[in-house]
Amino acid sequence: MLKDILKNILDQGKKDILMCRTLEELENIKIKYLSRKSELMSLSKNFSQLKPNEKKEIGNLFNLVKNTLIKTYEEQKQRLDKISINFDPEHPGKQINIGREHLLTNSLVKIRNIFINLGFNIYDYHQIVNEKENFDYLNIPRNHPARDLWDTLWIENKNKKSDYLLRTHTTAFQHYILTKYRPPLRFATIGKVFRYEATDKSHDFEFYQIDALSLSETTNLQNLKYTIEKFFINFFHKDIKIRFRPSYFPFVEPGLEVDINCIFCNNKKCATCKFSGWIEVAGAGMIHPSVLAQAKIDYKKYRGFAFGIGIDRLIMLKHNINDIRILHSSDLRFINQF
Ligand code: DAH
């Protein structure tokens, strides 16, 4: 009889202890099974009335039940202790680092949207182009000295220079657009270009450019000026003035260099604008008749403007960054600032 009671206490006690989910519950169960007033402990008071041989057997069983329950209690306590240390429902959650857009990506998207709002179609053209697209169709035939303006990374084919190269400027998309779409048209491309150049604070062997062109029967330099001015105002969120200077690019005639007033000193002259009050930001001009003719466009009927802007330099100006290379690095101290 006594034996059965003890075995029941053992079975039920173990179960109850293991069912506890909090330390509080566990302490209550401990009182129920192991305190002086517990059923188990009160049983021991009757042991003196037992016969000597029973006393030994029941005594052993009693100790076994008591020790097993104590052991089970301690193990469960350890388990619950661990959980309660690791989980505090009121403790603030750990912040997960989900990353963010890189300054470059973010700026490229903004630039893209500005051009869309100015009425341009955006065309993503290849980074690998052929020699004709990068040079010949742009009025820079082989052996023309102007080719030296662009230090080119040629693609080798069986150790021989092939016709393919990494585009040195996004202007390489123009012939394709002029042959694929008929005027009137307005297109821009944004992307990476490559130059075989030593790197320093203001030069990298890869950087981003935008090239835009507009072609119709009436397109003129005023349209060009308006478009470029609007672009810079939208990009810098400031009132920007631009000026044209005559320059040479084989694919435009006249060719122009575009300056904006220095955004740091507002034309008062500072180190950034090399004390001129102006910063050079783009190349531009009216599309050369030879470029139109090679795309089989009647250059007597249609005229167009084109311009190209280096994007990394603009981002550097806007955010006061003094080394172009850091834009393409993975330095989180830099990246996380934006
Ligand atoms: N492609 C020229 C460069 O990389 C920039 C440029 C100048 C683009 C004049 C044009 C342009 O579209 O009309 O230096």
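Residues numbered from 1 in each chain as written. Predicted model: local features only at pLDDT ≥ 70, side-chain atom pairs only at ≥ 80, totals over all residues. Heavy atoms only, no water.

1. Digging into the sheet that holds strand β8 (residues 252-261)
The test is simple: For two strands to pair, DSSP has to find at least two bridges joining them. Helix and strand assignments come from DSSP, with helices taken as H or I runs of at least 4 residues and strands as E runs of at least 2, each series counted from the N terminus. Here, residues are in contact when the closest pair of their heavy atoms is within 4.5 Å. As a rule, the C-alpha atoms of each element are fitted with a line to give its axis, helices using only the stretch in contact, and angles between N-to-C directions run from 0 to 180 degrees.
Read across the open sheet, the 7 strands follow the order β1-β5-β6-β10-β9-β8-β7; overall the sheet is mixed. On the outer flanks of this sheet lie β1 (121-122) and β7 (242-247), each paired with one strand and no other. The pairing of β1 with strand β5 (residues 185-194) spans 2 bridges and is parallel. Across the sheet, residue N121 finds its bridge partner in β5, namely F187. Where helix α10 (residues 311-319) meets the sheet, its contacts fall on β5, β6 (206-216), β9 (278-287) and β10 (303-310), and the angle it forms with β10 comes to roughly 55 degrees.

2. Description of unusual backbone geometry
With omega at 5 degrees, the peptide bond leading from P183 into P184 counts as cis. Position of P184 relative to the elements: it lies in the loop between α7 (174-180) and β5. Cis geometry marks the peptide bond from E253 to P254, where omega comes out at 0 degrees. Residue placement: P254 occurs in strand β8.

3. Brief notes about the pairing of β5
We apply this condition: Note on exposure labels: buried denotes an accessible area under 20% of the residue type's maximum, exposed denotes more than 50%, and partly exposed covers the range between, all computed with a 1.4 Å probe on protein chains only.
The element β5 is extensively covered by neighbouring structure, given that 9 of its 10 residues are classed as buried. As paired strands, β5 and β6 are joined by 10 bridges and run antiparallel to one another. Directly across from V193, in β6, lies its bridge partner F207.

4. Describing helix α1 (residues 2-19)
Quick reminder of the rule: By this rule, a helix spans an expected 1.5 Å times one less than how many residues it contains. Think of it as the arc spanned by the lines of direction from the helix axis to the C-beta atoms.
Here α1 spans 26 Å end to end across 18 residues, near enough to the 26 Å set by a 1.5 Å rise per residue. Taken residue by residue, α1 has L6, I9, L10, G13, D16 and I17 as its buried positions. Take α1 and look down its axis: the buried residues cluster within an arc of 150 degrees, on one side only. Turned more than 90 degrees away from the buried face of α1 sit N8, K15 and M19, all of them exposed.

5. A short note on the domain arrangement of the protein
Stated precisely, the cut-off is as follows: Residue ranges labeled as domains rest on an automatic or database domain assignment.
Looking at the protein, the domain boundaries give domain 1 (2-86) and domain 2 (103-335). Placing a centre on the C-alpha atoms of domain 1 and another on those of domain 2 gives a separation of 84 Å.

6. Let's talk about the site of the ligand
Put simply, the test is: Summary of the distance rule: residues count as near a molecule or strand when at least one heavy atom falls within 4 Å of that molecule or strand. Polar contact criterion, stated in full: a pair of N or O atoms within 3.5 Å, where within protein one must be able to donate a hydrogen and the other to accept it, and residues adjacent in sequence count only if both atoms are side-chain atoms. The Shrake-Rupley method, run with a 1.4 Å probe, gives the accessible areas here. Residue values count only the displayed protein chains as cover. Both site types are read off a 1 Å grid over the protein atoms alone. A 1.4 Å probe that fits but cannot get out defines a cavity, while an open set with protein on both sides within 12 Å along at least five of seven lines defines a pocket; lining residues have an atom within 4 Å of a point. A pocket or cavity is taken to hold a molecule when more than half of that molecule's atoms are within 2 Å of the pocket's grid points.
Taken together, 16 residues form the shell around the ligand, and within it H169, T171, R195, Q209 and D211 come nearest. The separation between an oxygen atom of the ligand and a polar side-chain atom of W150 is 3.4 Å. At 3.4 Å from an oxygen atom of the ligand is found a main-chain nitrogen or oxygen belonging to F307. With the chains in place, 92% of the 350 Å² that the ligand exposes on its own is no longer accessible. Taken atom by atom, the bulk of the ligand overlaps the largest pocket. Secondary-structure elements contributing two or more residues to the shell around the ligand are β6, β9 and β10.

7. A short note on the nonpolar core
Within soluble globular proteins, side chains that are nonpolar generally end up buried alongside one another. This is how the line gets drawn: Only buried residues count toward a nonpolar core, which is a set of Ala, Val, Leu, Ile, Met, Phe, Trp, Tyr and Cys residues joined through side-chain atoms within 4.5 Å.
Membership of the largest hydrophobic core comes to 50 residues, with the highest contact counts inside it found for F115, F231, F232, F236, I260, V281 and F307. Those residues in contact with F231 that lie beyond four places of it in its chain are I111, I114, F115, L118, I309 and L314.

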